[in-house]
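# Breakdown of the fold
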Amino acid sequence: MEPREYVPAYLEREYLASHEDLTPAACRLVHDEIMRDPTRYATSDHARALLSYARVHEGLMFELDRMEELSDQEFDKRRERLFADTRAKLREIVAADRLCVDAQLVNILLADVPIDACLNDLMQLEDSVRTQLQADPAFSDDAPHFWHEDRLAGITAAERTGTDPTMIGWLHTLEAISQLSLASARYRAAAEYARKVMRAQGYRNHAVGTVLLALARLEDEEGFFAVAQQASPQAPGAEQDEGAGSVEDSPWYLLGRTLLLYKLGRRKNARRALKDFAARCEGGAFFLLNPTYLTPYLPVRPPVREAWELSHQAVWEADGIIVDTPDFCAWAASIEGIEDISENFAHQYGF
């Protein structure tokens with residue numbers, strides 16, 4: 001969840017909580033004014049820290065986008081300098097307000113340390129933030145969506161989650177742990193942490209994709225299809241946000257199903273699944289056959305501008321599994337039509 005989305009939502013919630021007699025028209029006006037000039041409504045140290053983080057995060061992502069066309073040597077040099085400068089700014093924010101969870105999280109992710117050390121720091125942060133959340137009697141790690149709705153003063157669990165920066169920072173931390181666990185072959189841990197994220201309402205995410213990839217690598221066929229069915233918007237009691245789309249249409253599901261069937265040795269079914277993935281996921285065949293660098297998640301999956309970016313994310317996250325599956329890419333390239341789909345995409349988008 002981007003700070004430009006949740007920080008204004010937090011400012012609006014705080015303002016309306018202290019101005020309970022506003023008319024609906026006045027509430028709409030406040031919303032528009034906060035979106036136009038959030039600084040005016042940042043009246044607490046915490047709110048100002050959140051706005052500072054939002055500016056630093058926006059600058060970080062903007063500069064990373066600008067570096068895409070640099071040579072490898074210049075890219076590495078510029079990125080190292082950018083990360084160091086950004087970490088210095090984030091440490092200043094955290095020194096002023098340790099409740100700015102995302103500032104702590106991104107600072108950890110930007111550190112040049114081994115993945116095990118990064119995971120250790122992330123788990124310490126997760127434990128600390130969860131302790132902060134547990135101080136609120138409305139929060140419970142055991143509640144279906146983490147909040148006791150009868151204690152939320154008239155708002156839903158989804159509304160509380162989507163406007164609470166501490167809660168969002170905790171979910172971001174869980175996602176970061178699950179993704180790094182997947183990247184470091186800790187598949188059961190990846191699925192465990194991602195399942196927690198799936199329980200949240202009011203927080204759009206593709207955490208189910210991490211679960212599906214982990215289960216595909218573990219060759220857990222029953223678990224794989226059970227999770228896909230559970231997460232479907234049509235499933236009774238489904239916990240994914242409305243409008244998230246069918247899980248079975250996502251590149252994580254379609255790629256994960258292909259990997260699962262291939263690893264189980266069911267080549268005919270795997271071939272059909274691969275063709276389905278290539279046909280339905282724009283760019284999927286290209287990124288599978290041509291591993292392509294993706295800007296690191298800082299802190300979690302960014303929103304996409306083009307449909308093919310979802311395919312890129314899914315293949316990028318599955319990279320360790322693909323590499324660890326002997327001959328998978330060579331087999332995929334040998335399937336009739338896959339290379340043609342890849343080439344057509346490359347020509348269309350200038351890859």
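So, a few notes on the structure that sits alongside this text. (Residues numbered from 1 in each chain as written. Predicted model: local features only at pLDDT ≥ 70, side-chain atom pairs only at ≥ 80, totals over all residues. Heavy atoms only, no water.)

## Some points on a positive patch on the surface
Residues Lys268, Arg271, Arg272 and Lys275 make up a contiguous surface patch of positive charge. Mapping Lys275 onto the fold places it in helix 13 (residues 267–280). Judged by relative accessible area, which is 37%, Lys275 ranks as partly exposed. (Patch = residues over 30% accessible without salt bridge, like charges linked within 9 Å, V, L, I, M, F, W, Y side chains within 5 Å. Areas by Shrake-Rupley, 256 points an atom, 1.4 Å probe, with all protein chains shown as cover. Salt bridge = Lys/Arg side-chain N within 4 Å of Asp/Glu carboxyl O. Lys, Arg positive; Asp, Glu negative; His and termini not counted. Charge placed at Lys NZ, Arg CZ, Asp CG, Glu CD. Helix = DSSP H or I, 4+ residues; strand = E, 2+ residues; numbered from the N terminus. Buried < 20%, exposed > 50% of the residue type's maximum accessible area, 1.4 Å probe, protein only.)

## Thoughts on helix 2 (residues 24–36)
With 13 residues, helix 2 ought to run about 18 Å at 1.5 Å a step, and its terminal C-alpha atoms sit 19 Å apart, in line with that. Among the residues making up helix 2, those that are buried are Val30, Glu33 and Ile34. One side of helix 2 holds all its buried residues, which, seen down the axis, span an arc of 100 degrees. Seen from the buried face of helix 2, the exposed residues on the opposite side, beyond 90 degrees, are Pro24, Arg28 and Arg36. On the buried face of helix 2, the contacting elements are helix 1 (3–17). (Expected span 1.5 Å × (residues − 1). Arc of directions from axis to C-beta. Contact = heavy atoms within 4.5 Å.)

## A look at the packing of helix 8 (residues 165–183) against helix 10 (residues 207–217)
Two quantities define a packed helix pair, namely the angle between the helix axes and the distance between the axes. Orientation of helix 8 relative to helix 10, taken along the N-to-C sense of each, is 25 degrees, at an axis distance of 10 Å. When the interaxial angle is binned, helix 8 and helix 10 end up roughly parallel. Two packed elements cross with a definite hand, and for helix 8 against helix 10 that hand is left-handed. Contacts between helix 8 and helix 10 involve Ser178, Gln179 and Leu182 from the first element and Thr210, Leu213 and Ala214 from the second. Of the residues belonging to the contact of helix 8 with helix 10, the class tally is 3 nonpolar, 3 polar and no charged. (Axes fitted to C-alpha atoms, helices over the stretch in contact; angles between N-to-C directions. Parallel < 35°, antiparallel > 145°, perpendicular 65-115°, else oblique. Left-handed = near helix turned anticlockwise from the far one by under 90°. Nonpolar A, V, L, I, M, F, W, Y, C, P; charged D, E, K, R; others polar.)

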